[in-house]
Amino acid sequence: MKKFLLAAMALVMTVAASAAESTTYKGKLAIDLSGQGQFDMDEASDASITVTKEDNGTYTFVLNQFSLLIDGDEPTLIGDATISGLAPQEEDGAIVLTANNQEAPVTNGGELAGYIGGKVWITMTANIKGNKLTAQLNDILVNLMGSEIHVQAQFVSSEATGINSVSAGTTSATSRVYDLSGRQLPSMQKGLNIVKTADGKSVKVVK
């Protein structure tokens, strides 16, 4: 019984360690293509940014459904631009995330995503304090078929949703298998296995 309780505790600790906290900030994004860094927030468009604190202490920053006015009157969808592995700094009670010309893969994009090679490069400083996020995107480099487009943007949040929500982070949403010591296994081994299902239930399986 004691061994089973220790194994159960190890399993809980292993699963908890893989959790990540995500917050989505909704607000306004103003874009400047002149290189002057002048932003008119009255003309800004609705936008959202998702920030995830990973289990290793770093942060992931996602500019959701980034769009750009390239040709014509309607913005062209680029997609979700993701910066990973950001090391946080604390300044005056705020969490500060910085990136310097960091590659940001683009997912969930439109047709344009293929023409830009599925990525952009971002230089930015994001400031998180309480439920507010402000982000100064000093340069979003878009390489469109050999032509470089430099975008500057400013984001100011008006609300945050999903604060401290727990997600699976980098782990799979499918069932996971552990041995009695709480170590995750690639597949079920001979003997007693503890299977953690996608809905959070634990099942003991003997193989």
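What this report covers is the structure whose coordinates are included nearby. (Residues numbered from 1 in each chain as written. Predicted model: local features only at pLDDT ≥ 70, side-chain atom pairs only at ≥ 80, totals over all residues. Heavy atoms only, no water.)

**Considerations on the environment of Asn108**
Stated precisely, the cut-off is as follows: Secondary structure elements follow DSSP: runs of H or I no shorter than four residues count as helices, runs of E no shorter than two count as strands, and numbering proceeds from the N terminus. Whether two residues are in contact is decided by their heavy atoms: any pair within 4.5 Å suffices. Throughout this description, a polar contact denotes any pair of N or O atoms lying within 3.5 Å of each other; where both atoms belong to protein, one of them has to be capable of donating a hydrogen while the other can accept it, and for residues adjacent in sequence the pair is counted only when both atoms sit in side chains.
Of note, Asn108 is situated in the loop between β6 (94-107) and α2 (112-115). Not counting the four nearest positions on each side in its chain, Asn108 is found in contact with Gln65, Leu77, Gly79 and Asp80. Within the structure, the side chain of Asn108 is placed 2.8 Å from the side chain of Asp80, a separation counted as a polar contact.

**Examining the pairing of strand β2 (residues 45-53)**
Under the convention used in this document: Note on pairing: DSSP must find at least two bridges between two strands before they are called paired.
Here β2 pairs with strand β3 (residues 59-68) via 6 bridges, running antiparallel. Bridging from a neighbouring strand, Lys53 pairs with Tyr59 of β3. If you look at the hairpin formed by β2 and β3, you'll find 5 residues sitting between the two strands, and Gly57 has a positive phi there, around 95 degrees.

**Points about unusual backbone geometry**
Positive phi outside glycine occurs at Gln65, with the angle close to 45 degrees. You can see Gln65 is positioned in strand β3. A positive phi angle, near 55 degrees, is found at Asp92, a position not held by glycine. With respect to the helices and strands, the residue Asp92 is situated in the loop between β5 (89-91) and β6.

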